Amino acid sequence: MSDLAFQQCINPRCRATVDLADTSFRCPACGGLLDVAYDWDRLPVPTSLRHFEGKWATRTDPLDFSGVWRFRELFPFAPDERVMTIGEGQTLCQRADGVAAYVGMRPGCLYLQYEGMNPSGSFKDNGMTAAFTHARTVGARRAACASTGNTSASLAIYCAATSLMRAVIFIGSGKISYGKLSQALDYGALTVQIAGDFDDALRRVQEISRQLGIYLVNSVNPFRLEGQKTIMFRILEALRWEIPDWIVVPGGNLGNVSSFGKAFAELRDLGLIDRNPRLAVVNASGADTFYQLYERHGLRWNGGDFDRAKLDAYMKAMDVGDLRADTLASAIEINRPVNLPKALRALDQCGGVVREVSDTEILDAKARVGAGGLGCEPASAASVAGLLKLVKEGIIAPSDRVVCVLTGHLLKDPDATVAYHSSDPKTFDEKLGKRGVKRVAFANRAVQVPNDLNEIIKAIELYA
Ligand SMILES: *Cc1c(COP(=O)(O)O)cnc(C)c1O
Ligand SMILES: [Zn+2]
């Protein structure tokens, strides 16, 4: 199969090809990012997306049961017998009229793609099953990642569930949420906490995996992005193969947006869709490198000739000023997104925009998502907060059809949720205030009552 799938430099001037089994994940000629590429002309590609609905009838086959691998004809890099699946991708695209009202959209126009239903509770499992499969095809014994939490939880669960590899996880000190850390520990991963933040941890893990020959599963790994394409395939399927007007996604390392752009570009090339949705990426304002470069400094893909000097100068200034990412949305607390060039390409292909939202806006949006019946972690709610902004600006119309990706489960970060709901809206000066949150619009505080039957009944009659 190896000549039908290979790795290829994304730089159109270079286009160097790399063997499918290579695990350095950098172009040997120019140092650029790699795609997984396919010789589609020689591969059996379905003639219609409806083909995939047929797989619901063969769900006793674990590959057809997986919400990722049942689309495997659209990322055919591994033979079936090498695939490592733990039933990922059984996720939900739910119409969300309550949240639509909050952001100023019409009923029936907003859908939430809830990736919290994955085995480890975040969308990361879509990519991890693909990277893990690749790692297995190259005979890796150990796999490593740096993580703000969800990548490590995902890697750890695949290692635990399959006992094929040992997980080595690098986390920064400080802001990893307890839900995520508890997963890595419980699934038995070797967890290395280094004195530094995510960006530091990512730099170290790249050095160390090179030196020790450990398989790297950070999103610089292009195989992960292949699995993440299926989030879009499932959305299209849920919408009866109609193309939405907008996909809105939080931006951290920019793996998702890159993979979504690639998914739509390939579906177009294969003649399976006739137009692309637009893509909106939402940064937290405390980690807004992509927003700054794309919207403020006008950085564009420009056919692959993007302004590297501008990008380097921006990164250098961050280094010199020792600027650190800072947001309660820990999953997107990233100032040096590794997939930035691929994200530029995706926005170019899909008419993209980037916005930034404050932690205050994120937490309010998160509370509305919860009240609408789908809980998410703070980073995920950035998509809804960003949508609210784009509707206000008139970029997204109230009647557009929009899908926000909810990237992770509510229970990933219970501290943030409890701090929000226990804040007193009037005397708002507590924990969250110290972190820069300005207001709590939708707090649902616990009602304090004495241990007395009549008082309890009184309280229930008053509030419910
Ligand atoms: C990893 C992660 C993100 C960021 O996704 P990227 O692909 O790195 O941009 C957003 N939300 C959650 C919950 C995540 O785990
Ligand atoms: Zn190259």
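All figures in this text were calculated on a predicted structure; none of them were measured in a lab.

A closer look at the sheet that holds strand 3 (residues 34–38)
Stage number 1. As summarised here, the arrangement of the three strands in space is 2-1-3, forming an open sheet in which the pairing is antiparallel. Each edge of the open sheet is held by one strand with a lone partner, namely strand 2 (17–18) and strand 3.
Stage number 2. The pairing of strand 1 (residues 5–9) with strand 2 spans two bridges and is classified as antiparallel. Residue glutamine 8 lies in a different strand from strand 2, and its bridge partner there is threonine 17.

Description of the side chain of asparagine 11
Stage number 1. Structurally, asparagine 11 can be placed in the loop between strand 1 and strand 2.
Stage number 2. A distance of 2.9 Å separates a polar atom in the side chain of asparagine 11 from the backbone nitrogen of arginine 13.
Stage number 3. Not counting chain neighbours up to four residues away, the residues in contact with asparagine 11 comprise Cys30, Gly304 and Arg308.

What to know about the pattern of salt bridges
Stage number 1. Enumeration over the complete set of coordinates arrives at 31 salt bridges.
Stage number 2. Between arginine 42 and aspartate 3 there is a salt bridge whose closest N-O contact spans 2.9 Å. Taken together, the positions of arginine 42 in the loop between strand 3 and helix 1 (62–65) and aspartate 3 in the segment before strand 1 put the pair 39 residues apart, joining distant regions of the chain.
Stage number 3. Accessibility expressed as a relative area gives 47% for aspartate 3, which makes it partly exposed.
Stage number 4. For glutamate 53, the salt bridge is made with arginine 50, and the minimal N-O distance between the two is 3.6 Å.
Stage number 5. A network of salt bridges, in which partner residues are shared, links Glu226, Lys229, Lys262 and Glu266.

What counts as what
Residues numbered from 1 in each chain as written. Chains lettered and ligands numbered in written order. Predicted model: local features only at pLDDT ≥ 70, side-chain atom pairs only at ≥ 80, totals over all residues. Heavy atoms only, no water. Pairing = 2+ DSSP bridges. Helix = DSSP H or I, 4+ residues; strand = E, 2+ residues; numbered from the N terminus. Polar contact = N/O pair within 3.5 Å; in protein donor to acceptor, adjacent residues only side chain to side chain. Contact = heavy atoms within 4.5 Å. Salt bridge = Lys/Arg side-chain N within 4 Å of Asp/Glu carboxyl O. Buried < 20%, exposed > 50% of the residue type's maximum accessible area, 1.4 Å probe, protein only.

Fair warning: the whole summary comes from geometry, so function is off the table for now.
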